[in-house]
Amino acid sequence: MQDFDGKVALITGSGAGIGRADALLLADKGADIVVQDFNAETAAETADLVRAKGREAHVIASDVADIADTQAKIVAAEAAMGRIDILVNNAGIGADYRNTEELDGPSFRRMVDVHVKGTFFATQAVLPGMKARGTGKIVNIASNWGQRGNAFAPHYCSAKAAILGLTKAWAKEFAPWKINVNCIAPGWVNTGMSDPAVMADVIAREVPLGREAAPVEIAYAVAYLASAEADFITGQVIPINGGDTIVGI
Ligand code: NAD
């Protein structure tokens with residue numbers, strides 16, 4: 001039985017999609033939520049949905065790639081909420097499909113800034129509190145493209161692969177403080193990020209189970225990894241992709 005009573009979860013990019021589903025599921029299970037997103041309006045909507053469930057919510061409107069602003073707001077959120085027990089590094093942007101010769105510096109940098117720097121520096125900001133309490137759960141949201149690659153999205157694939165590396169490095173570094181660090185690598189999920197115009201073809205080609213995931217199907221795994229039931233799991237990458245990355249032995 002997962003019980004998040006008295007716990008506070010910070011979820012980046014929780015104004016929409018998977019992040020919002022994580023926020024609502026963790027709130028259903030008793031957590032108070034820090035909603036972070038660069039869209040202040042959708043972040044406020046998620047916070048209202050959390051409060052409607054009888055839980056507390058605190059909004060951080062910031063770009064995770066703006067390190068100083070986001071870190072200062074995380075520190076203020078922790079002071080306001082008393083603690084941050086769970087961090088879900090979820091904020092992300094989809095790939096603009098380009099071949100390698102066409103990919104310019106600003107596009108590549110933005111992809112790395114949002115996914116890699118965003119994940120790194122949000123984690124850095126919650127770490128002192130987690131270490132002081134001697135416990136914490138960090139769940140990073142990567143992608144099946146970080147595992148198996150995809151043509152014409154080298155910036156997205158490499159940024160997501162870097163999150164797998166951070167997960168494993170941190171699992172080892174933070175283990176003495178009983179801070180678990182794991183990663184979910186979703187395949188296609190039905191959010192604003194997937195393109196409905198091409199989904200039927202892509203799914204027929206890539207997904208044995210024949211559909212996209214619902215955002216809550218990612219949230220179920222986030223809740224599990226953030227719970228005491230997963231105290232002995234760290235440094236792992238959990239694929240949730242309808243069978244897209246099945247490989248032989
Ligand atoms: P989404 O577009 O529905 O939601 C992403 C949220 O993140 C939005 O609310 C957006 O405003 C916010 N965001 C984006 N950049 C931000 C930034 N720099 N700072 C703060 N907030 C920011 O997308 P989603 O599908 O829910 O994606 C969530 C995560 O899942 C992303 O990391 C994405 O790469 C990953 N993912 C999604 C899919 C998919 O098919 N949807 C597949 C694999 C991985």
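Refer to the structure above for everything that follows.
Residues numbered from 1 in each chain as written. Predicted model: local features only at pLDDT ≥ 70, side-chain atom pairs only at ≥ 80, totals over all residues. Heavy atoms only, no water.

Before going further, it helps to spend a moment on the packing of helix α3 (residues 67–81) against helix α4 (residues 105–133). Contact geometry for α3 and α4: axes closest at 9 Å, N-to-C directions at 30°. By the angle class used here, α3 and α4 are roughly parallel. Two packed elements cross with a definite hand, and for α3 against α4 that hand is right-handed. Listed contacts from α4 to Ile67, Gln71, Ile74 and Glu78 of α3 are Lys117, Phe121, Ala122, Gln124, Ala125, Val126, Gly129 and Arg133. Counted by class, the contact of α3 with α4 contains six nonpolar, three polar and three charged residues. (Axes fitted to C-alpha atoms, helices over the stretch in contact; angles between N-to-C directions. Helix = DSSP H or I, 4+ residues; strand = E, 2+ residues; numbered from the N terminus. Parallel < 35°, antiparallel > 145°, perpendicular 65-115°, else oblique. Left-handed = near helix turned anticlockwise from the far one by under 90°. Contact = heavy atoms within 4.5 Å. Nonpolar A, V, L, I, M, F, W, Y, C, P; charged D, E, K, R; others polar.)

Now for the packing of aromatic side chains. Following the criterion strictly, the structure yields six aromatic pairs and no others. Between Trp145 and Tyr156 the ring centres are 5.7 Å apart and the planes differ by 85°, which places this aromatic pair in the edge-to-face class. Of this pair, Trp145 sits in helix α5 (residues 145–148) while Tyr156 sits in helix α6 (residues 154–174), and the two are 11 residues apart along the sequence. We classify Trp145 as buried; its relative accessible area is 7%. When the ring centre of Trp177 is taken as reference, the NZ or CZ atom of Lys131 above it lies at 4.0 Å. (Phe/Tyr/Trp six-rings, centres within 6.5 Å; stacked < 30°, edge-to-face > 60°. Buried < 20%, exposed > 50% of the residue type's maximum accessible area, 1.4 Å probe, protein only. Lys NZ or Arg CZ within 6 Å of the ring centre and 35° of its normal.)

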